[in-house]
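One-letter residues, chain by chain:
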6 protein chains.
Amino acid sequence: MSGTVLVINPNSTVAVTAGIDRACEPLRMASGPRIECVTLAEGPPGIQTQRDVDAVVAPLVRLIGELDARAAAFVIACFSDPGLHSARETTGKPVLGIMECGILAALTLGQRFGVIAILPASIPRHRRAIGAMGLADRLAGERAVGLNVVELVDEAKTLDRMIAVARELRDRDGADAIVMGCAGMAQYRDRVADAAGIPVVEPTQAAVAMAIGRVRLGWSS
Amino acid sequence: MSGTVLVINPNSTVAVTAGIDRACEPLRMASGPRIECVTLAEGPPGIQTQRDVDAVVAPLVRLIGELDARAAAFVIACFSDPGLHSARETTGKPVLGIMECGILAALTLGQRFGVIAILPASIPRHRRAIGAMGLADRLAGERAVGLNVVELVDEAKTLDRMIAVARELRDRDGADAIVMGCAGMAQYRDRVADAAGIPVVEPTQAAVAMAIGRVRLGWSS
Amino acid sequence: MSGTVLVINPNSTVAVTAGIDRACEPLRMASGPRIECVTLAEGPPGIQTQRDVDAVVAPLVRLIGELDARAAAFVIACFSDPGLHSARETTGKPVLGIMECGILAALTLGQRFGVIAILPASIPRHRRAIGAMGLADRLAGERAVGLNVVELVDEAKTLDRMIAVARELRDRDGADAIVMGCAGMAQYRDRVADAAGIPVVEPTQAAVAMAIGRVRLGWSS
Amino acid sequence: MSGTVLVINPNSTVAVTAGIDRACEPLRMASGPRIECVTLAEGPPGIQTQRDVDAVVAPLVRLIGELDARAAAFVIACFSDPGLHSARETTGKPVLGIMECGILAALTLGQRFGVIAILPASIPRHRRAIGAMGLADRLAGERAVGLNVVELVDEAKTLDRMIAVARELRDRDGADAIVMGCAGMAQYRDRVADAAGIPVVEPTQAAVAMAIGRVRLGWSS
Amino acid sequence: MSGTVLVINPNSTVAVTAGIDRACEPLRMASGPRIECVTLAEGPPGIQTQRDVDAVVAPLVRLIGELDARAAAFVIACFSDPGLHSARETTGKPVLGIMECGILAALTLGQRFGVIAILPASIPRHRRAIGAMGLADRLAGERAVGLNVVELVDEAKTLDRMIAVARELRDRDGADAIVMGCAGMAQYRDRVADAAGIPVVEPTQAAVAMAIGRVRLGWSS
Amino acid sequence: MSGTVLVINPNSTVAVTAGIDRACEPLRMASGPRIECVTLAEGPPGIQTQRDVDAVVAPLVRLIGELDARAAAFVIACFSDPGLHSARETTGKPVLGIMECGILAALTLGQRFGVIAILPASIPRHRRAIGAMGLADRLAGERAVGLNVVELVDEAKTLDRMIAVARELRDRDGADAIVMGCAGMAQYRDRVADAAGIPVVEPTQAAVAMAIGRVRLGWSS
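Draft legend 1. Summary view of the interface of chain A and chain F. Every contact between the two is made by 29 residues of chain A and, on the other side, 29 residues of chain F. Sorting the residues of the side of chain A that touches chain F by element identifies α5 (98-107) and α10 (203-217) of chain A as the ones contributing at least two each. The dominant element in the side of chain A that touches chain F, judged by the number of residues it contributes, is α10 of chain A, at 7 residues. The residue inventory of the side of chain A that touches chain F, partitioned by class, reads 17 nonpolar, 8 polar and 4 charged.

Draft legend 2. The arrangement of the nonpolar core in detail. Among the nonpolar cores identified, the biggest contains 522 residues, and Ile178 of chain A together with Ile178 of chain F are the most heavily contacted of them. Those residues in contact with Ile178 of chain F that lie beyond four places of it in its chain are Phe113, Gly114, Ile116, Ala166, Leu169, Ala196, Ile198, Val200 and Val201 of chain F.

Draft legend 3. A look at the environment of Pro33 of chain E. Residues and elements named next belong to chain E. Looking at the secondary structure, you find Pro33 in the loop between α1 (14-24) and β2 (34-39). For Pro33 and Val215, which are 182 residues apart along the polypeptide, the C-alpha to C-alpha distance reads 7.4 Å. In this view, Pro33 contacts Ser2, Gly3, Thr4, Val5, Ala72, Ile212 and Val215; residues no more than four positions away in its chain are not counted.

Draft legend 4. Expanded view of helix α8 (residues 155-171) of chain E. Compared with the 24 Å implied by 1.5 Å per residue over 17 residues, the 24 Å span of α8 of chain E between its first and last C-alpha is a close match. Residues of α8 of chain E that are buried include every one of Arg161, Met162, Val165, Ala166, Leu169 and Arg170 of chain E, and no others.

Draft legend 5. The sheet that holds strand β2 (residues 34-39) of chain C, seen in detail. Residue and element names in this part refer to chain C. With parallel pairing, the 4 strands of this open sheet are ordered in space as β2-β1-β3-β4. Of all strands in the sheet, those with a lone pairing partner are β2 and β4 (95-97), marking the two edges. Pairs of neighbouring strands in the sheet enclose a mean axial angle of 20°, with direction left out of account. Sheet topology places strand β3 (residues 73-76) next to β4; 3 bridges connect them, and they run parallel. Bridge pairing links Val75 to Leu96 in β4. Each of β1 (4-9) and β2 touches helix α1 (residues 14-24); the most contacted strand, β2, lies at about 165° to it.

Draft legend 6. The packing of α8 of chain E against helix α9 (residues 189-196) of chain E, seen in detail. Residue and element names in this part refer to chain E. Close contact between α8 and α9 brings their axes to 9 Å; oriented N to C, the two are set at 45°. With respect to α9, the element α8 is oriented oblique. The interaxial crossing formed by α8 with α9 has right-handed handedness. Contacts between α8 and α9 involve Leu159, Met162, Ile163, Ala166, Arg167 and Arg170 on the former and, on the latter, Arg191, Val192, Ala195 and Ala196. Looking at side-chain class alone, the contact of α8 with α9 contains 7 nonpolar, no polar and 3 charged residues.

Draft legend 7. Inspection of helix α5 (residues 98-107) of chain B at higher detail. Summarising burial for α5 of chain B: 10 of the 10 residues are buried, a large majority. Burial in α5 of chain B covers these residues: Ile98, Met99, Glu100, Cys101, Gly102, Ile103, Leu104, Ala105, Ala106 and Leu107 of chain B.

Draft legend 8. Quick look at the sheet that holds strand β3 (residues 73-76) of chain A. All names here are of chain A. What the 4 strands build is an open sheet, ordered β2-β1-β3-β4; its pairing is parallel. Strands at the two margins of the open sheet, each flanked by one partner only, are β2 (34-39) and β4 (95-97). Geometrically, the sheet is characterised by an average inter-axis angle of 20° between neighbouring strands, direction not taken into account. Direction of pairing for strand β1 (residues 4-9) relative to β2: parallel, over a ladder of 6 bridges. Residue pairing across strands places Ile8 opposite Val38, the latter belonging to β2. Where helix α1 (residues 14-24) meets the sheet, its contacts fall on β1 and β2, and the angle it forms with β2 comes to roughly 165°. Along the sheet, α5 makes contact with β3 and β4, crossing β4 at roughly 70°.

Draft legend 9. Up close: the interface of chain B and chain A. On the chain A side, the residues contacting the 19 residues of chain B number 18 residues. Looking at the side of chain B that touches chain A, the elements with two or more residues in it are α2 (50-55), α3 (57-67), α4 (84-90) and α6 (122-132) of chain B. Of the residues belonging to the side of chain B that touches chain A, the class tally is 6 nonpolar, 8 polar and 5 charged.

The rules behind the values
Along each chain, the written sequence defines residue order, and numbers are assigned to residues from 1. Working convention: letters from A go to chains and numbers from 1 go to ligands, in the order in which they are written. With the structure being a predicted model, the display of local features is reserved for residues of pLDDT at least 70 and the display and counting of side-chain atom pairs for 80 or more, all residues being used for whole-chain, interface and lining totals. Two residues qualify as being in contact provided that their C-beta atoms, derived from the backbone, are within 7 Å of each other. What counts as a helix is a DSSP run of H or I of at least four residues, what counts as a strand is a run of E of at least two, and both are numbered from the N terminus. Residue classes follow a fixed rule: Ala, Val, Leu, Ile, Met, Phe, Trp, Tyr, Cys and Pro count as nonpolar, while Asp, Glu, Lys and Arg count as charged, and any other residue, Gly among them, counts as polar. Working definition: the nonpolar core is a set of buried Ala, Val, Leu, Ile, Met, Phe, Trp, Tyr and Cys residues, joined through C-beta atoms within 7 Å. Residue burial here comes from a neighbour count, namely the number of other C-beta atoms, placed from the backbone, that lie within 10 Å of the residue's own C-beta, with 20 or more meaning buried, 12 or fewer meaning exposed, and in between meaning partly exposed. Expected helix span is given by 1.5 Å per residue-to-residue step, counting one fewer step than there are residues. Strand pairing is defined by DSSP finding a minimum of two bridges between the two strands. As a rule, the C-alpha atoms of each element are fitted with a line to give its axis, helices using only the stretch in contact, and angles between N-to-C directions run from 0 to 180 degrees. Here is the rule for angles: anything less than 35 degrees is roughly parallel, anything more than 145 is roughly antiparallel, 65 through 115 is roughly perpendicular, and the remaining ranges are oblique. Crossings are assigned a handedness: left-handed for a near helix turned anticlockwise from the far helix by less than a right angle, right-handed for a clockwise turn.

What follows is the structure, given as structure tokens:
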């Protein structure tokens, strides 16, 4: 039962897929499942709005259908978990979303979690999902980095803002652990964790780790 | 400020749209907003799965864009509220979903509400939405009619099952009010309400009523 | 089914009733229900305490009994929803409270709502009601204008404070929509909404809009 | 700091007050507060509806005002806690309601509590109060004895029904402890507890016990 | 039924037991239960961590077993309620925890309560307990005094910090009442309450008061 | 980063440890962490009461201290998660509890989960933990197998009861997924899942899978 965990980046930016692939490296084990990261060519460059989220479901589900024969499990690597429940109807293989798994991992690392969003407008969408998960009482707060696309290219600036936001979540909102609310921020995890002094969850890693277990155990979902 | 409330049936079955149109009749007032019911031609015959829900968002949002100039408000007439938040990003006009409005109306009619679903498989999807609405504590329970498409054509049988389910929601789950969990059941409302002896909400009517107010008041959303 | 929506101002200040009446103007439609606003002569000049709330129930219920024959629905136009459930026992006609309906409307306009109270002492009372509604998870926060009666006469000052409070609810508490926690503030709605940049619900308008639908649909409650 | 705990029966049935008085007997201690039970002459024979609840607030608050000088604390001995918050505005002395205290006591006796109501129609009212207390997750369920006034006179029948209801709360709803949802049932407590085999709270006793502590400690509320 | 309420200080610091004993003084009544405060010799000097909490359960339960014959009820006088549920398995006598009872008392004194913790690291532990009690919606916030052992000896400094924290809970978090999150702070209660202007609960007093009622009523738990 | 996941069975029954070891087999991967299962010699033969839970914390924490140097992560393999938070204070390595991880895994497999307990008396304890996790809204229900030690030896009888309970959780309580509430039931998982037709989580497997990810990622907790 070793098959392949297929990690789908639902945006079309291959640099993001490459970053996800690097983030998966520690989870590759000799006789463990292969971990393969693919890009959804039909996706937008970035998923920012609810419309973006909804628009990728059709091609995403189609891709899952195409890849199903050679996959043992799927991970949807976008923090809005686009198409998660549609994907679960599409395949009998386990499908995990990085928001869901990132938050579940955080629940084992602190009593209340904070979320670092990229955009302020994503916060109500994330709160709807957290409500659907029944986890509102564990949420300390969510705050946005609030940088635009140009600024996000500036790594030093981005890191500074992420650290600042992590500290606000810890000090003003009382977060005991942090979830990075984006699939493309893995490179900053260690430095944000060091600076904030509380655990920080990189959600794709959390999801892939869970998917490996699911593959090995062969539980039908 | 009288414009038009555009009620979109996201499935392609025009008989359902015709039923919705009849259900809107009492809400048509001389100087009030026009109420126009349209069918989403690209929709499936019925929306039953999460995949169906997600698949209609793209054409639904496109239709809203096309109709935007002549609409004062939109109602999405499917109990899964497909594309509700995408639609709200698409237009500055009010957009209301019938699940959301049906449940909100029920909250004014009893302390705990029950939902009559068509299919058992819809219940987890509805519970996710009710969780996202923060309303889990007001939900008494949800039960499915559990008839297949052929059986649903038999009106007497369908009515009997709806009444039976309404009474179970009242007696076993403690519901004080009932929400019909489907856009195509308006014709049964009065008889189910009479038989169950507790208020029954027809959700499209609830949503259109709310939309009329929104149009008259001109609140930007 | 066109009857009359009777909007009862449970305080005895006729200027407030006049303001409510003006706020209802957009909801008057040619063949729609008449909307008539009446003052509860026995009410106090303003309803500020729980004692005020409880004290108006007896005369309010008596008035509803007297007016029942010529009413199709009732709206209780005080943000504490005094006597709401007693009124529902008194008449078979729909009875709607402005707090309940104002908050329900806000749920369609944002994921979390904030409330602008007049007095700090009202906040625990409102929180009890929001808890009874099962909506604690949707409440971002409530803050008081905190002006005394003399200061409230100063419209510019009142507007300034309402705007400041709305912005605090948005920025510190994370409100996506605002509910005005008083029946007498309709005149400020548009300006507060413009200044805050998020939707603002005038609760009497929300309740009357819902009452119109209820009258047209003829649902027994 | 020994003063008097004034227990007010807000219905006018002196036999009920006498029963309450007997129930208080074990809580009378030599140097402890006096416990005096009084009848609200203006109350109805029994408090059954929300209108009954609201109607007693005015005379109840008046009585509290009259008795304030010789009271150290008040207990409102009706399970709907009529006028609880108005009373707290009326006097600086502690005011406790038997619903509130009965439920709080039950929280120390089991993880989830069940409530034995007299009438089915009281259940939504009680659920509103439990929601306002933020305790919905601790409620296993509420069930009504469902006997009419004539039947309630038959003690054997009443006891049988209370025991049957207590067992349903335990077995069907999963209650670990029971709260008697009425001030007039103290005589049955021991027998219901024996028959159900789980703790049963008599709410007036729970409230008076708490009031004694409040009097001795002199905490201002 | 007058027996003895045994109040066990699970830390080994006899000065703390002496303070608890003084705090119980107002609750001693001529024919009421004796109140006897004992020190758990095997406890640590102070209970600060989860390990401390868990480590005292074994000797605490043993002590309860030894004292059972001469006790009518037990109070565990540490704000982490160590061993509360183990103790309830050990004896048929009522066992009350000061965290549980302190919070329950606060629920009768305000809509939302704040907690003054000694150490920041205790806050997640307290939140877990508040979650287990189903009371997250009533919690306004918890803040720590944050003084070390040496600083806590300085009474003026400690009082200043407690007052500052109480005011932050009131003003920033919206607390209507305060619970002192430690068994050893009774001496400060009156002054903190005066300075904050809202009710302050000393939790051991709250628990002993409840225990007296339980003893007098003879309810089996 | 491959180290060893140490799975501690806190009861002293080595046959249970052997069963856990077999359950871990699918999670052993060539270059992945070693998985070693150890028995807490000082534990009782089975952990059934809160006293049992609390009593194993001291030896469990001591064992964790002793094994810390050669462990990369710990799993506490008892469904009451004994000493989970004490263990997290004891070591900087990840510590996971099987209740926590079993429930978190179930959240990815269905909207509401049911728990199969061995003993009825464990249910309130589990509900306290689920409350502390903030997950009450996701719990469909918990039901006990209710067999005694002698009966549990009879595998056919045990399997029959587990299947019956799983079906009750699905049909009466509405569970979409099941969590086995005991570390010693792994052998029945596949057959219960087949018979119930919904996903069934074996909690030790869920926890070990998560621990593997934690080890590979090297997140400090």
